[in-house]
Every structure is written in structure tokens, then in C-alpha cells.
Amino acid sequence: MLPCAVIRMTLKESIVDINPYILGKLSYGLEELKNNSINSLLSPGSRILYKTHFYPILVEKNMVHEIVLSLIGKDGTKHPFLFNMSMDANDIFLTGLFLNKRNDYESGLIEAKNAAENALLKNKELMMAQKELGQVQKSLEIQLSQERSINKELRILNKMISHDLQEPLRKIQLFASKTISEAKRKYSWEVLALNLNRIIDIAFEGHSLTKRLQQYSELEFYPLRKAHFDLRGIIESTKAKSSISTYGFYYDLEVESVYGDENKINLLFTELFELVNRISSPDHAQTLRITSRVFESNENVLNTFHRKKLRICIITHSQVSDRDTVKRNNSESSDRRGVGLDLAFCEKITTLHGGSFSRENIGPEKVSMEIVLPYVSL
Amino acid sequence: MIGNGDRTIILAHGFGCDQAMWRYILPFLEKHFRVLVFDYVGCGRSDITCYDENRYGKLTGYAQDIIEICEELSIEKAIFIGHSVSSMIGVLAYIERPKIFRSMVMICPSSCYLNTGDYHGGFEKSELEDLLEMLDSNYIEWANYLAPVVMKNHEKSHLSEELAESFCSMDKSITKNFARVTFFSDNRKDLNKVDIPCLIVQCTEDDIANQRVGQFVKDNLPNSKIVNMDASGHCPHLSHPQETIDVLKNELLTEKFLA
């Protein structure tokens, strides 16, 4: 007896002959299987694999080597065999080796391999999760830093509001008390009217301040509409509308073209001149020196596009007014626009552009103000 | 794309092999039609780096392959021929992009392989799990199917060389995933969404998609016809190419299919 499995089938896969070795393993007699389809002997998984994968290869190559198929015995037991298959003009042949013990060993190997693969997969998933966690942490840190900066901004704003609003409220309180006590002392109506007018003015100042606060908070509601525009032109036009008293403007501009939202930069210079006006004495006038330079930022910016920055520096020198030489603007715009928040506006507008604003006293009556904006060449 | 003709035929292979499965009926089809043959991602000579476990964890991922190819090639109103699981992949692609399809031929289709309630799909869950075990036992051997091939069609020996390198060779994990998604999917409720003419080609003694399953598919497709072949098995276009060609000749070249 040949110690291996030999099966002969027709091209329609009907069993013609099976050798005694395999009949013994499966506990069948030849007559029970003759003319039956091979499919009746194959386990469901083997049947699908044979039909969908091995049969096409057999038709194509007339030969398939080393395939594992399980045959089902009469008692329902699965018997794994390692088969070679061949096909000729009339028949299909299967020759195979029983794999019982070897199969146990291979199953163990496959199990170990699957366990190793699963472990690798889990490791890969863990690494992915770790990577994702890292990204989440990074984005949280960015968020946190943004929130810190918003917090800082809010703290500064609160400080300014409380300071700037306290003053008109204190004055209202003062003049109201004065009015009441004067009314009690039966002063003339003229004095009462004067005090009431003062209160009205101060109330207007408070109202203007809250309006400016609204304007400030609306700054970031509208997206920036960036374009190139002329720096000197914008300074000159802003100066013309402001109430700043100057001895003169001196320019040293290496870069004349600025890239940004023209309206907002316009507002920035308006606020800047108000700031200059506010910090100088009423009887003083300013000499302004304005420079512009491009420089390479040392900040850790990934995009080289944003590494170049434009620094606009305004140095003001405050001197006692000489009525003959001082160029005084008669614009009333600032009288009616309210005071305060100018520094906050300057900082906000530059921040919105991805830049910064700073102010420094550099000597007696001398202040340096620096606007840094991302530089985009024409 | 090969062949001549005004109309386009899309040939979609089933689980276990690749576009090489169509070679025996291709000479007939390319005489009458422009024919699109392709490999799903993860099969045949497709770019395996495009395989995404999530996308191909559902048959809709494979349907998306068909849609993307047809959109890339501006194919509309085509006759779709799907073998085995590709019949349902075609159904899903039709539901998503009906304008691609004119009519469908389903060779040995099954809308669900699992037995559930009164429905006799042909397999119990444990039997399908046996398939996954068999895939494990056989994957080592698959690497060996790279031996030279003796092609029957000597005129296309260049094709033979190319195909010899790849015929039905597969990546183990991709094949296991494709097996899972093929044999554990249930598309019975999708059938009545297809209202274009459909032809079901049913083999005798098909142990994977039995005749009751073929009849179920026919009964649930509103505009369908079933043809029972003498051919046995699950791959008539490979085992009985002439009979398959005859069926296609009789049924495809009709007013209903070409309209």
C-alpha cells in the first residue's frame, strides 16, 4: 500500500479513483465516494479556497504545488493533507501527504506567528496612539499658549479700562457732590449749570471710552484684507487727520512698501499719534523720526516666508512748543473720538498681522515706538 | 482598456484571483466592446501601498475602486460583468453612482454567504472561520506560485510573462481581510435598489453560490433574468469559457442590454 494519498478525478471534479491509504484514513469504501464531487470531501474552508484560488491556478498552470486542504472523514473528523495537483486533457490528480502531526506543529508555529504579528500590530497601534497623543499634546500646548496670550491681553485691557473708566467716574462723583453741596448753599444757577456741563462732558468721555472698547473688540471680527501699500503715504494722510503738534517728520525708509490691511494699519498710526499726544505735555510739540528696515527673525518659524520682518521705528522727541514753528493740526477728530485704549489698539493691530508693538522711553522726553510686521516683498 | 466598439464593458474579478481570470472570454468581448479590466487594490498587480485596511474593511471600499476608475476614464452607461463577490460590489457601486452603469451581468453571485433564519447562504459561521484557518495554513505556499507559466494562447506570450509573475499571488493579510469582508457581508437589502437590467449566470453544482442563492438574487432584483448553465463550479469563465461566451453572446447582444 502506497503511504500517501492519491486521488484521480474527472475534469468535472468527480472522483474516479482513491487509493486505499486515504480511504482508510477517511473510513470510506471506494464505492461510497466514486462519482461524487471532490467538494463533498473538502472542509468548507478548503472548498472555498480550492474553488476561488487553487482551481484557477490549476487551470492556468496545469499544476499546483504544496497546498494544504482538509478532507472530512466519515465520522466528521478533519484530516489535513499537503497536496500537489495536476491536470491533463482528461483527469485531475491529487497526491498528498497526511499532515496530522506536522499540522499540529505547523499550527503551533502559525499560532506563535499570529501572536507575534498581533503583538507587533498592538505595538504599532500603541506607537500610533503615542504619536497621536504627542500631536494632541502639542496642539493643547499651542491652545494653552494662545489662551495665555489672550489672558494676558485681557488683563492688560482690564487694567486700562479700570484705570481709564475710573477717572471719568471719579470726576462725575466729584462734580456731582460739588453741585449738590453748592445747591445746598444756594449758589447761582450759572455755577450749577457749569458743574452739570462738566458732568455731561465727563459722561461723554466715559461713553466714548466704552464705544472705543466696542471698536477694539470688533477688530478681530473682520478678516484682514492684505495688500501692498505706501508707508509714507499712509503716515502722511494719518498725520493730516490727527491733532498731533509737531516740529516735523523725518523719514529714513529703507522699505516704503508695507504688506497688510491698509485700513487697520491706518488706524494703527492714528492710535499711535494719539498715544504720542497723550504721553506728552500739552505745551510740548514732537519731532518724529521714522525709519523702516527689513531684518531676519531669530524666532523658530518653520515657514521661511515669515522669517523676514519689517521693523518700523518711530522716535519722538518732545520739546516745549514754539508757537511759530509748531505745525498744529486743527483736526477735531480726536476730540470727539474719546481717549484711552490707544496702546491696546496698537498692540492688537500688530498682533493681528502676526507682528508686535513695543514702546520704550529712551531718554528725557524721548520715546521709541517699534512696529514689527511680517515682511512680504513686492 | 482594450478592444473595439461603441459600448464599454467593465470586468470585475472575484475573491481569490485577479483580472487574469477573464483571459479566455476576453478575445470574444474585445471584438464587440471596449473592455475595462482591472485589479482591485491589494489584488493582482495593483499598487499594494494604496491598500487601506479601513477603506477595504467594507465592500464599499472595493466599490469605490470601480467608481474612481470609471470617473478617471469618464466611463458612463457601461455593461458591468462581476464575478462572485464583485456582483455585490457592482450593486454597491451602482447605488453610489448609477450613471456609470447600463446593465449588469452577475456570474455566480451571492448576496449573503451565511445561513441566517430561512435564508440558505450555504455556510455556517464556523465553516467560514475554517476558511480563515486554511488561509493561514496555505500562505507560505503562495509565494511559490511564481514559476514560469505555459500559456495556452501563444500569440500573447508577452502577457504570459507578465502574468506568470503575478497570477493569483496575494498578500496574506489582505487576502484574509478580503475573505472576511466577502464572506461575512450581507447585501440582501441592497438588491432591490438596482433597477437596471441584470443577468444572473448560475452554474450547476456551485458549492460557493448555490442555486437557491442565485434564485434569491434573481427574485430580489426588480429587472433581472437568470440563466442556468450546464457548467459546474464557481468559475465558468475559466472552466467553461465557450459556454460562458455563448451565454454572453445570446444575452449581452440583445436590445435590452444594449439599450
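Shown above is the structure to which this text applies.
Residues numbered from 1 in each chain as written. Chains lettered and ligands numbered in written order. Predicted model: local features only at pLDDT ≥ 70, side-chain atom pairs only at ≥ 80, totals over all residues.

This next bit is on the overall build of chain B. Check the secondary structure of chain B and you find 10 helices and 6 strands. For chain B, the proportion of its 259 residues judged to be buried stands at 47%. For chain B, restricting intrachain contacts to residue pairs at least 6 apart in sequence, the fraction spanning at least 24 positions comes to 73%. (Helix = DSSP H or I, 4+ residues; strand = E, 2+ residues; numbered from the N terminus. Buried ≥ 20, exposed ≤ 12 C-beta atoms within 10 Å, placed from the backbone. Contact = placed C-beta atoms within 7 Å.)

What follows covers the sheet that holds strand β1 (residues 5-10) of chain A. Residues and elements named next belong to chain A. Sheet architecture is open: 5 strands sit in the order β2-β1-β5-β4-β3, paired in antiparallel fashion. With partners counted over all chains shown, the strands left at the sheet margins are β2 (15-18) and β3 (63-72), one partner each. Going across the sheet, the axis of each strand differs from the next one's by a mean of 25°, ignoring polarity. Alignment of strand β4 (residues 78-87) against strand β5 (residues 91-98), held across 7 bridges, turns out to be antiparallel. Bridging across to β5, phenylalanine 83 finds its partner in glycine 96. Across the sheet, helix α3 (residues 44-61) touches β3 and β4, and the angle it forms with β3 is around 155°. (Pairing = 2+ DSSP bridges. Axes fitted to C-alpha atoms, helices over the stretch in contact; angles between N-to-C directions.)

This brings us to the nonpolar core. Judged by nonpolar contacts, the single largest core of 103 residues is most densely connected at Ile9, Ile10, Leu11 and Ile89 of chain B. When residues of this core are assigned to their parent elements, the largest contribution, 7 residues, is made by helix α3 (residues 85-96) of chain B. Not counting chain neighbours up to four residues away, the residues in contact with isoleucine 89 of chain B comprise Ala12, Leu59, Tyr62, Ala63, Ile66 and Gly82 of chain B. The next biggest cluster of nonpolar side chains, apart from the first, holds 24 residues, and it includes Val258, Leu268, Phe357 and Ile371 of chain A. (Core = buried A, V, L, I, M, F, W, Y, C linked by C-beta atoms within 7 Å.)

It is worth spelling out the interface of chain B and chain A at this point. Across the boundary between the two partners, chain B contributes 30 residues, which contact 26 residues of chain A. By residue number, the principal contributor to the side of chain B that touches chain A is helix α4 (residues 125-142) of chain B, which donates 10 residues. Class assignment of the residues belonging to the side of chain B that touches chain A gives a composition of 14 nonpolar, 9 polar and 7 charged. (Nonpolar A, V, L, I, M, F, W, Y, C, P; charged D, E, K, R; others polar.)

With that out of the way, let us pick up the pairing of β2 of chain A. The side chains of a regular strand alternate, residue by residue, between the two faces of the sheet. Residue and element names in this part refer to chain A. Relative to β2, β1 runs antiparallel, the two sharing 3 bridges. The partner of methionine 9 across the bridge, within β2, is isoleucine 15. Hairpin connection between β1 and β2: a loop of 4 residues separates the two successive antiparallel strands, and glutamate 13 in this loop has a positive phi of roughly 70°.

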